[in-house]
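Listed below, chain by chain, are the residues.
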Amino acid sequence: MSLAIISPGRNPKVWIDALRHHQPDIDIQVYPDIQRPKDVEMALVWQHPPGYLSSFPNLKLISSLGAGVDHILSDPAVPENMPIVRIVDEKLTWSMTNYVIMGVLNFHRQITRYQADQKRKVWDMSHPEVPVKVGVMGVGALGGDVLDKLNYMGFEVFGFGFSEKSDFPYPYFSKNQLGEFLSQINVLVCLLPLTPETEGILNLDLFKKCTKGTYLINVARGKHLVEEDLIPALDQGYLSGALLDVYRVEPLPQEHPFWEESRIQLTPHIASVTNPLAASPQIIDNFNRLKTNRPLQNLVNRERGY
């Protein structure tokens, strides 16, 4: 029984070392040099080539190398009955929340503005704080923690999701109340799972419903944002700025207009990065559960998309 690591563009050595730290005798094969495809029963993947998983006739389990699984669910070659698991790590939540708080505080205390003033040697003490009301789209483990921490810091917070919730601890809006949700806030955080229903949700029509000058933070998936709509939304004043960590094409192409747009801050998909040493025990556990026909941990619900 073999485990395959398939993560083009990433160095697999850290994962190999982490997995063998916990189970030294584990049989690991690494893309693209997989010599025994018939032995592969579990695949660890991140942005695998579409259709490639059909190369393994005895594949029984697919594991994402992160919390997200849209790169797996979007591959039509993955059988509908193939179990998929993902990484669940408290450190991922901690890192994501810290990143979002950084973005909110940057907007609240106008740090980007003062950095520009410094370069121009401008001393401007006016409006040192922007009043902030934060809305989080997607209130699962990550979004819920963001709301809790921002609420603790004294910010007004609001949640939005695609299902009804009767006992949510903060003001909550379901999918038919999107306009009302957007009217309450001036910082919009996207932490939605990527599904057919949420792809492209951050578009010009949505931005037109925002409070004028809303600040956008997208840390979910690049496909949530219709990228060609962002600069027009900034030009027309629906948004005042954006902090982006995810993009439709990664790395972001050199010719992309976001590079030169001062109202958009970019980071290279680092808001919350999986730690192989911390995550590998989950992988080993599921690998051994697969061998002994025991229930799998962190199983993905395909209908919900996570």
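Residues numbered from 1 in each chain as written. Predicted model: local features only at pLDDT ≥ 70, side-chain atom pairs only at ≥ 80, totals over all residues. Heavy atoms only, no water.

Chemist: How should the pairing of strand S4 (residues 61-64) be read in this particular structure?
Modeler: Residues Leu61 and Ser63 line one face of S4 and the alternating positions Ile62 and Ser64 line the opposite face, and both faces are buried. Bridge count for strand S3 (residues 40-45) against S4 is 4 bridges, and the pairing is parallel. By the bridge assignment for S4, methionine 42 is matched with leucine 61. Here 2 bridges tie S4 to strand S5 (residues 84-85), and the two strands are oriented parallel to one another. From the neighbouring strand, serine 63 faces S5, where its bridge partner is valine 85. (Buried < 20%, exposed > 50% of the residue type's maximum accessible area, 1.4 Å probe, protein only. Helix = DSSP H or I, 4+ residues; strand = E, 2+ residues; numbered from the N terminus. Pairing = 2+ DSSP bridges.)

Chemist: How do you make sense of the packing of aromatic side chains when you look at a structure like this?
Modeler: Where two aromatic rings form a pair, the distance of their centres and the angle of their planes describe that pair. Scanning the model with the defined rule gives 8 aromatic pairs in all. Between the aromatic rings of tyrosine 52 and phenylalanine 56, the centroid separation amounts to 5.5 Å while the plane-to-plane angle is 85°, which identifies the pairing as edge-to-face. Of the two residues examined, tyrosine 52 and phenylalanine 56, each falls in the buried class. Measuring from centroid to centroid gives 4.9 Å for phenylalanine 107 and tyrosine 215, while their planes differ by 15°, and the two rings are stacked. Taken together, the residues phenylalanine 107 in helix H3 (residues 90-109) and tyrosine 215 in strand S10 (residues 214-218) connect sequence positions 108 residues apart. Here phenylalanine 107 matches tyrosine 215 in class, with each residue buried. Every member of this aromatic cluster is reached through a ring pair, and the members are Phe160, Phe162, Phe173 and Phe181. (Phe/Tyr/Trp six-rings, centres within 6.5 Å; stacked < 30°, edge-to-face > 60°.)

Chemist: Would you mind going over the nonpolar core with me for this structure?
Modeler: Soluble globular proteins: nonpolar side chains tend toward being buried together. With 31 residues, the main nonpolar core has Met137, Phe181, Leu188, Leu202, Leu206, Leu216 and Leu230 as its most contacted residues. Not counting the four nearest positions on each side in its chain, leucine 188 is found in contact with Gly135, Met137, Phe181, Leu182, Leu202, Leu206, Cys210, Thr214, Tyr215, Leu216 and Ile217. Counting 26 residues, the second largest nonpolar core, distinct from the first, contains Phe107, Val130, Val136 and Ile217. (Core = buried A, V, L, I, M, F, W, Y, C linked by side-chain atoms within 4.5 Å. Contact = heavy atoms within 4.5 Å.)

Chemist: What am I meant to see in the packing of helix H1 (residues 13-22) against helix H9 (residues 276-291) here?
Modeler: In a packed pair of helices, the relevant descriptors are the angle between the two axes and the axis-to-axis distance. H9 packs onto H1 with a crossing angle of 60° between their chain directions and a minimal axis gap of 8 Å. With respect to H9, the axis of H1 lies oblique. The two elements H1 and H9 cross, and the hand of that crossing is right-handed. Residue-level inspection shows Val14, Trp15, Ala18, Leu19, His21 and His22 of H1 in contact with H9, the latter providing Pro276, Leu277, Ala279, Ser280, Pro281, Ile283 and Ile284. Its residues placed into classes, the contact of H1 with H9 shows 10 nonpolar, 3 polar and no charged. (Axes fitted to C-alpha atoms, helices over the stretch in contact; angles between N-to-C directions. Parallel < 35°, antiparallel > 145°, perpendicular 65-115°, else oblique. Left-handed = near helix turned anticlockwise from the far one by under 90°. Nonpolar A, V, L, I, M, F, W, Y, C, P; charged D, E, K, R; others polar.)

Chemist: Even after reading the chapter, I still don't get the packing of H3 against helix H5 (residues 141-152), so can you show me in this structure?
Modeler: Interhelical geometry of H3 versus H5 gives an angle of 50° and a closest axis separation of 9 Å. Considered as vectors, H3 and H5 are oriented oblique to each other. As for the relative orientation of H3 and H5, their crossing is right-handed in sense. The segment H3 lies against H5, with Leu92, Thr93, Met96, Thr97, Val100, Ile101 and Val104 engaging Ala141, Leu142, Asp145, Val146, Lys149 and Leu150. Residue composition of the contact of H3 with H5, by class: 9 nonpolar, 2 polar and 2 charged.

Chemist: Explain the sheet that holds strand S6 (residues 133-137) to me, please; I cannot follow it from the model alone.
Modeler: Strand pairing in a sheet relies on backbone hydrogen bonds, with the paired strands running either antiparallel or parallel. Spatial strand order, S8-S7-S6-S9-S10-S11-S12: 7 strands in an open sheet with parallel pairing. Among the strands making up the open sheet, the edge pair consists of strand S8 (172-173) and strand S12 (264-266). The pairing of strand S11 (residues 239-244) with S12 spans 3 bridges and is parallel. By the bridge assignment for S12, alanine 242 is matched with isoleucine 264. Contacts from H5 reach S6 and strand S7 (156-160) within the one sheet, and its direction differs from that of S7 by about 165°.

Chemist: When you look at the pairing of S7 in this model, what are you seeing that I'm missing?
Modeler: With respect to burial, S7 is a largely interior element, 4 of its 5 residues being buried. Two strands pair when backbone bridges link them, and S6 and S7 are joined in this way by 5 bridges, in the parallel orientation. Along S7, the bridge assignment pairs lysine 133 with glutamate 156. Remark: the S6/H5/S7 crossover connection has right-handed handedness. (Right-handed = clockwise from strand over helix to strand, strands pointing away.)

Chemist: Can you walk me through unusual backbone geometry in this structure?
Modeler: Most peptide bonds adopt trans geometry, and most residues besides glycine take a negative phi value. Here tyrosine 31 and proline 32 are connected by a cis peptide whose omega angle stands at 5°. Mapped onto the secondary structure, proline 32 falls in the loop between strand S2 (28-30) and S3. Not every positive phi belongs to a glycine, and histidine 127 is a case in point at roughly 50°. By relative accessible area, histidine 127 is classed as exposed at 63%. In this structure, asparagine 298 is a non-glycine residue whose phi angle is positive, near 60°. Structurally, asparagine 298 is set in the segment after H9.

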